[in-house]
Structure formats: C-alpha cells, structure tokens
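In case you want the letters, here they are:
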Amino acid sequence: MNASTPFRTWHRPLMINVTLMLGLVAVSVAGLVIDDRVLLGESVWVKPLKFGLAFTLYSGVLAWLLTKLHKARRLGWWTGTVFAIAATLEVAGITVQAARGTFSHFNANFADSVTVAMTQLFTYGVAAILIAQLVIAGVVLAQRSLSKPLTRAVRYGIGLATVGMLVPVWWMITNVRQRIVVDANGDEITMYQGHGIGDLDGHGMFLTNWSVTGGDFRVPHFVGLHGIHVLLLTAFLVGRLARKVPALRDELVQGRLLTVAGLAYAGLLAVLIWQAGRGQSLIHPDAATLLGFGTVAVIAIVGAATVLAVARHRQLVLLPPTARG
C-alpha cells in the first residue's frame, strides 16, 4: 500500500466511520471489564468489539482505495459514503442490542419493536455494504491507477471478501432450526438460526467464540472478509523484498506472486467452507481437511518457487556474458 498518500485526502465519511469504530472498540473493551452480562456464554460486548475491529480495517482500506480515482470521483465519493453510512448503522444496531442485553442476529422476538427495526436494518445494511464495496473496487480497478501487485491484491481481495460476506447466507437459508434461548436479561428468545453447523450455538474458542464442537460459518466469513488485508500486506512485503532481491524488482514478477497468493488464499477459503459445511470445528480437522490444507500449501509453494525461478532465469539471460559468473 502506498503510504505516501496523506491521510487528509482519504475519503472523509469512511474515515469518520473508522474513527467511530475505534471508539466502539474502546467502549467494548471497557464493557468486557465492567459488564458481566453474557449471551450464550460470551460477554454481550464481544460482538461489538469484533465488528468494530473489522470495519476499522475494511473502511480504512476503501478510504485509501478511493484516493486512487482519477475519473468518476463523484461516483466513488457517493458510493463510499453509502458504505460508511450503512456500516455505521449496521454496527450501531449491533451495539444497541448488546447494550440491551439481547441478540442482534437471528432474533425472532417480533413482539419487541426495537428488535424488529434492527432486523430490517441488518437486512438492508448488508445489501448496501456488499454492493458499495463492489462498485468501489470496480471503479478503481477500471482506471488502472494501481501497480500490478496492488491491482491483483485488490482484485482477488474484493472477490474473496464478497465470498466471505455471502458465505453465511447459504447456511441461513438452508440450515433454519428454530429454538428457544435465554438472553442476558433472563428473557426467553426465539432464535431461527445460529452460527454453528451441527451445533448451532457451539461451545466457542476464546474471544472469537468459533465453535469447538461443530462447524462454524464465521470462520470462512472472517477469512474471506479479511483476504484483502492479507493480500495488500503481501503486496507491501513483496515490494519491500524487491529492494534486496533483484528478481523481484519487475512489477510483472510481483504481480505473478500476488496471483499465486490470491489463488492460494482462495484455496484456503474453499477448504474452510468445506470443513465448516461438514460440521467440523476449525481446531479438530480430520485427515481429509488436513490433506486439503496441505494441498493448498504445496501448490502455493510450488507456484511461488516457479515464478521466482523463471524470473531469475530471465534475469540471468539478460545479463551480459561477462557478468554471469
């Protein structure tokens, strides 16, 4: 990522969203310490904390991307603003429900007018977020204003994020199982879904609360959503290595390495979706899952090694005979 772009030129509404999310992170951390209320075994403030961190990262990336526009800047500004508003409202709804000591998602307590309003907010907010980030990425990529490695990082990253956003939808449609749970106020709440697959509520890991007793669609959701951050960081690290490794100085070579990284990350996401869909916890993989992870790792290593070998060979061929040693 090009750090030379001053922060003051980044999309202001998105940066306001980032600021609000950072504020929510601070409030949530305080809530974890002073508020002992729990929902299904975890603090009511864990969910606002996770969403605050996620949107801090995602809105920040989109705010930076919009600085790369040379054309259609008005479209980019308005689309970024839509994303910022939708994200702020979405997380505000989650925070309101947390403060009330009840569930934000899958809550079928339609006698509660606030919950009904929040359910509508989540439904339309997610759609706005999904469409806006696709428009922003499309407009930026169409202008070819990024280097080859950054272009590929954004292209694959947005694709992975979109898959990550859509992953929960499949199970929310196909895995509807109504049950009664108790919220932090002691009230019985009808829930029509859960994050777990095989075990709807799971018995979660520390902080993430990802199920240790079954599959959990939050795992591929998280991994897909943050693929763009991993790939942008990879592009940055490859660029730094290029200062010391001559074979990496060609942007085309860097771009090919980002292609390998993007495809490897997509493979990882596919294995995680497959694992969760079989009702298997992330931390209890069977032999088939381990084989999947291993296959992705081998393909990634071979792909990266091939790109580097071809680059070194090409560099050697281009050297004058006296410099080849």
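Just so it is clear, the model here is predicted, and its values are computed rather than measured.

Describing empty space enclosed by the protein
And step 1. Under the counting rule described, the total for this entry stands at one cavity of 30 Å³ or more.
And step 2. In this structure, the largest cavity spans a volume of roughly 40 Å³.
And step 3. What lines the largest cavity is simply D216, V219, L272, Q275, A276, Q280, S281 and L282.
And step 4. Here the lining of the largest cavity takes three residues from helix 8 (residues 251–277), the largest share from any one element.

Things to note about unusual backbone geometry
And step 1. With a phi close to 55°, A72 is a non-glycine residue in the positive phi region.
And step 2. Relative to the helices and strands, A72 resides in the loop between helix 2 (46–65) and helix 3 (73–99).
And step 3. On the basis of relative accessibility, which here comes to 38%, the residue A72 falls in the partly exposed class.
And step 4. With a phi angle near 65°, F106 is a residue other than glycine that sits in the positive phi range.
And step 5. Within the fold, F106 resides in the loop between helix 3 and helix 4 (113–142).
And step 6. You can call F106 buried: its relative accessible area is 6%.

Looking at the confidence of the model for the chain
And step 1. Looking at the chain, pLDDT values average 88 and 93% of them are 70 or higher.
And step 2. The weakest mean pLDDT in the chain belongs to strand 5 (residues 196–197) at 78; the strongest belongs to helix 1 (residues 12–34) at 96.

Remarks on the nonpolar core
And step 1. With 55 residues, the main nonpolar core has Y58, L65, F83 and L232 as its most contacted residues.
And step 2. Ignoring anything within four residues of it in the chain, the contact list for Y58 reads F83, Q133, I158, A161, M165, L225, I228 and H229.
And step 3. Counting 13 residues, the second-largest nonpolar core is a separate cluster that includes V44, W45, W171 and I197.

Re the pattern of salt bridges
And step 1. Tallying each qualifying case throughout the model produces five salt bridges.
And step 2. The closest approach of N and O atoms between D35 and R37, which form a salt bridge, is 2.8 Å.
And step 3. Judged by relative accessible area, which is 17%, D35 ranks as buried.
And step 4. On the basis of relative accessible area, R37 is assigned to the partly exposed category, the value being 21%.
And step 5. Across the salt bridge formed by R100 and D112, the nearest N and O atoms sit 2.8 Å from each other. Of this pair, R100 sits in the loop between helix 3 and helix 4 while D112 sits in the loop between helix 3 and helix 4, placing them twelve residues apart in sequence.
And step 6. The class for R100 is partly exposed, based on a relative accessible area of 31%.

Describing the packing of aromatic side chains
And step 1. In the structure shown here, the tally under the stated rule is four aromatic pairs.
And step 2. For the ring pair Y58 and F83, a centre distance of 5.9 Å and an interplane angle of 20° mean the geometry is stacked. Here F83 lies in helix 3 and Y58 lies in helix 2, a separation of 25 residues in the sequence.
And step 3. By relative accessible area, Y58 is classed as buried at 2%.
And step 4. One Lys or Arg, R278, reaches over the ring of W274 and ends 3.8 Å from the middle of that ring.

Thresholds, definitions, all that
- Residues numbered from 1 in each chain as written.
- Predicted model: local features only at pLDDT ≥ 70, side-chain atom pairs only at ≥ 80, totals over all residues.
- Heavy atoms only, no water.
- 1 Å grid on protein atoms, 1.4 Å probe; cavity = no way out; pocket = protein on both sides within 12 Å on 5 of 7 lines; lining within 4 Å.
- Points joined across faces, edges and corners; volume = space filled by probe spheres on them.
- Helix = DSSP H or I, 4+ residues; strand = E, 2+ residues; numbered from the N terminus.
- Buried < 20%, exposed > 50% of the residue type's maximum accessible area, 1.4 Å probe, protein only.
- pLDDT = per-residue confidence, 0-100.
- Core = buried A, V, L, I, M, F, W, Y, C linked by side-chain atoms within 4.5 Å.
- Contact = heavy atoms within 4.5 Å.
- Salt bridge = Lys/Arg side-chain N within 4 Å of Asp/Glu carboxyl O.
- Phe/Tyr/Trp six-rings, centres within 6.5 Å; stacked < 30°, edge-to-face > 60°.
- Lys NZ or Arg CZ within 6 Å of the ring centre and 35° of its normal.

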